Amino acid sequence: QVQLVESGGGVVQAGGSLRLSCAASGRTSGDNTMGWFRQAPGKEREFVATISWNGGATVYADSVKGRFTISRDNTKKAVYLQMNSLKPEDTAAYYCAVGPRYGDTRLAGTDYAYWGQGTQVTVSS
(Lines give C-alpha, C1' and ligand atoms only; values in the text may rest on other atoms or scores of the structure.)
Protein backbone atom coordinates (compact mmCIF):
# COMPACT_ATOMS: atom_id res chain seq x y z
CA GLN A 1 0.00 0.00 0.00
CA VAL A 2 1.00 3.59 -0.62
CA GLN A 3 -0.14 6.50 1.50
CA LEU A 4 -0.26 10.06 0.24
CA VAL A 5 -0.65 13.19 2.32
CA GLU A 6 -1.30 16.55 0.69
CA SER A 7 -0.68 19.89 2.35
CA GLY A 8 -0.47 23.56 1.50
CA GLY A 9 -4.06 24.34 0.67
CA GLY A 10 -5.85 27.37 2.03
CA VAL A 11 -7.71 30.55 1.22
CA VAL A 12 -6.08 33.09 -1.06
CA GLN A 13 -7.20 36.12 -3.00
CA ALA A 14 -7.39 36.08 -6.77
CA GLY A 15 -3.96 36.68 -8.23
CA GLY A 16 -2.24 35.08 -5.28
CA SER A 17 -0.12 31.94 -5.03
CA LEU A 18 -0.07 28.67 -3.15
CA ARG A 19 2.30 25.72 -3.15
CA LEU A 20 0.85 22.29 -2.62
CA SER A 21 2.96 19.41 -1.39
CA CYS A 22 2.30 15.69 -1.48
CA ALA A 23 4.38 13.20 0.49
CA ALA A 24 4.27 9.49 -0.28
CA SER A 25 5.03 6.69 2.12
CA GLY A 26 4.67 2.92 2.24
CA ARG A 27 5.41 0.63 -0.67
CA THR A 28 6.86 3.14 -3.09
CA SER A 29 10.42 4.00 -4.07
CA GLY A 30 9.44 7.48 -5.16
CA ASP A 31 9.98 6.73 -8.84
CA ASN A 32 6.40 6.61 -10.07
CA THR A 33 4.42 8.82 -12.38
CA MET A 34 2.72 11.45 -10.22
CA GLY A 35 -0.30 13.58 -10.92
CA TRP A 36 -2.47 16.33 -9.49
CA PHE A 37 -6.23 16.38 -10.00
CA ARG A 38 -8.96 18.61 -8.62
CA GLN A 39 -12.66 18.47 -7.98
CA ALA A 40 -14.94 21.42 -7.43
CA PRO A 41 -18.35 21.05 -5.74
CA GLY A 42 -20.90 19.61 -8.16
CA LYS A 43 -18.29 18.94 -10.83
CA GLU A 44 -16.38 15.93 -12.07
CA ARG A 45 -12.80 15.35 -11.03
CA GLU A 46 -10.44 16.85 -13.57
CA PHE A 47 -6.80 16.47 -14.50
CA VAL A 48 -4.49 19.32 -13.53
CA ALA A 49 -0.88 18.24 -14.08
CA THR A 50 1.35 15.18 -14.33
CA ILE A 51 5.08 14.53 -14.15
CA SER A 52 7.04 11.52 -15.37
CA TRP A 53 8.92 9.31 -12.96
CA ASN A 54 12.24 11.14 -13.43
CA GLY A 55 10.79 14.63 -13.80
CA GLY A 56 11.81 14.81 -17.43
CA ALA A 57 8.35 15.41 -18.79
CA THR A 58 5.33 17.34 -17.60
CA VAL A 59 1.84 17.92 -18.98
CA TYR A 60 -0.70 20.49 -17.86
CA ALA A 61 -4.38 21.06 -18.37
CA ASP A 62 -4.99 24.00 -20.68
CA SER A 63 -6.78 25.84 -17.88
CA VAL A 64 -3.63 25.99 -15.72
CA LYS A 65 -0.88 26.07 -18.33
CA GLY A 66 1.52 28.95 -17.71
CA ARG A 67 0.26 29.46 -14.16
CA PHE A 68 0.93 26.13 -12.41
CA THR A 69 4.19 24.19 -12.18
CA ILE A 70 4.53 20.58 -11.11
CA SER A 71 7.84 19.33 -9.73
CA ARG A 72 9.14 16.43 -7.70
CA ASP A 73 11.89 15.30 -5.37
CA ASN A 74 12.32 11.54 -5.64
CA THR A 75 14.69 11.42 -2.66
CA LYS A 76 11.85 12.73 -0.51
CA LYS A 77 9.12 10.82 -2.36
CA ALA A 78 7.37 14.14 -2.82
CA VAL A 79 5.59 16.03 -5.56
CA TYR A 80 4.70 19.71 -5.56
CA LEU A 81 2.31 22.01 -7.36
CA GLN A 82 3.22 25.69 -7.47
CA MET A 83 0.10 27.66 -8.29
CA ASN A 84 0.43 31.29 -9.34
CA SER A 85 -2.04 33.85 -10.61
CA LEU A 86 -4.85 31.95 -8.97
CA LYS A 87 -8.40 32.52 -10.17
CA PRO A 88 -11.74 31.88 -8.42
CA GLU A 89 -12.35 29.03 -10.87
CA ASP A 90 -9.31 27.24 -9.41
CA THR A 91 -11.29 26.70 -6.22
CA ALA A 92 -11.47 22.96 -5.59
CA ALA A 93 -10.18 20.08 -3.54
CA TYR A 94 -6.79 19.11 -4.95
CA TYR A 95 -5.63 15.50 -4.93
CA CYS A 96 -2.25 13.97 -5.68
CA ALA A 97 -2.03 10.48 -7.11
CA VAL A 98 0.57 7.79 -7.76
CA GLY A 99 0.80 6.16 -11.16
CA PRO A 100 2.96 3.40 -12.61
CA ARG A 101 6.56 2.90 -11.58
CA TYR A 102 9.03 4.35 -14.10
CA GLY A 103 6.03 5.70 -15.96
CA ASP A 104 5.73 8.63 -18.31
CA THR A 105 3.13 11.37 -17.99
CA ARG A 106 -0.45 10.15 -17.52
CA LEU A 107 -3.60 12.24 -17.85
CA ALA A 108 -6.30 9.69 -17.07
CA GLY A 109 -7.33 9.18 -13.49
CA THR A 110 -7.70 5.49 -14.20
CA ASP A 111 -3.92 5.24 -14.65
CA TYR A 112 -3.38 6.09 -10.99
CA ALA A 113 -3.53 3.44 -8.30
CA TYR A 114 -3.29 5.50 -5.11
CA TRP A 115 -4.83 8.81 -4.11
CA GLY A 116 -4.46 11.25 -1.26
CA GLN A 117 -7.26 12.63 0.87
CA GLY A 118 -7.12 16.02 -0.77
CA THR A 119 -6.39 19.58 0.29
CA GLN A 120 -8.84 22.43 -0.20
CA VAL A 121 -7.91 25.49 -2.21
CA THR A 122 -10.27 28.44 -2.11
CA VAL A 123 -9.65 31.52 -4.24
CA SER A 124 -11.70 34.57 -3.39
CA SER A 125 -12.49 37.28 -5.91
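As a reminder, the structure under discussion sits directly above these lines.
What counts, and where the lines are drawn
Residues numbered from 1 in each chain as written. Predicted model: local features only at pLDDT ≥ 70, side-chain atom pairs only at ≥ 80, totals over all residues. Heavy atoms only, no water. Pairing = 2+ DSSP bridges. Helix = DSSP H or I, 4+ residues; strand = E, 2+ residues; numbered from the N terminus. Axes fitted to C-alpha atoms, helices over the stretch in contact; angles between N-to-C directions. Disulfide = S-S within 2.5 Å. Buried < 20%, exposed > 50% of the residue type's maximum accessible area, 1.4 Å probe, protein only. Polar contact = N/O pair within 3.5 Å; in protein donor to acceptor, adjacent residues only side chain to side chain. Contact = heavy atoms within 4.5 Å.

1. As for the sheet that holds strand 1 (residues 2-7)
And step 1. The antiparallel open sheet is built from 4 strands, whose spatial order is 1-3-8-7. The open sheet has two free edges, formed respectively by strand 1 and strand 7 (68-73), since each of these has just one partner strand. Adjacent strand axes in the sheet meet at a mean angle of 15 degrees, parallel and antiparallel pairs treated alike.

2. Some details on the state of the cysteines
And step 1. Counted by the stated rule, this structure contains 1 disulfide.
And step 2. The side chain of Cys 22 participates in a disulfide bridge whose partner is Cys 96; the two sulfur atoms lie 1.9 Å from each other. Taking the torsion about the S-S bond as the criterion, the Cys 22 to Cys 96 disulfide, at about 50 degrees, is right-handed. Taken as a pair, Cys 22 in strand 3 (residues 18-26) and Cys 96 in strand 9 (residues 92-101) lie far apart in primary sequence, 74 residues in all. Of the two residues examined, Cys 22 and Cys 96, each falls in the buried class.

3. Here we look at the environment of Gly 16
And step 1. Structurally, Gly 16 can be placed in the loop between strand 2 (10-13) and strand 3.
And step 2. Assessed through its relative accessible area of 18%, Gly 16 is described here as buried.

4. Looking at the side chain of Thr 50
And step 1. Here Thr 50 shows up in strand 5 (residues 46-51).
And step 2. From its side chain, Thr 50 meets the backbone nitrogen of Arg 106 in a polar contact 3.2 Å long.
And step 3. If sequence neighbours within four positions are ignored, Thr 50 has contacts with Thr 33, Met 34, Gly 35, Ala 57, Thr 58, Val 59, Ile 70, Thr 105, Arg 106, Leu 107 and Tyr 112.

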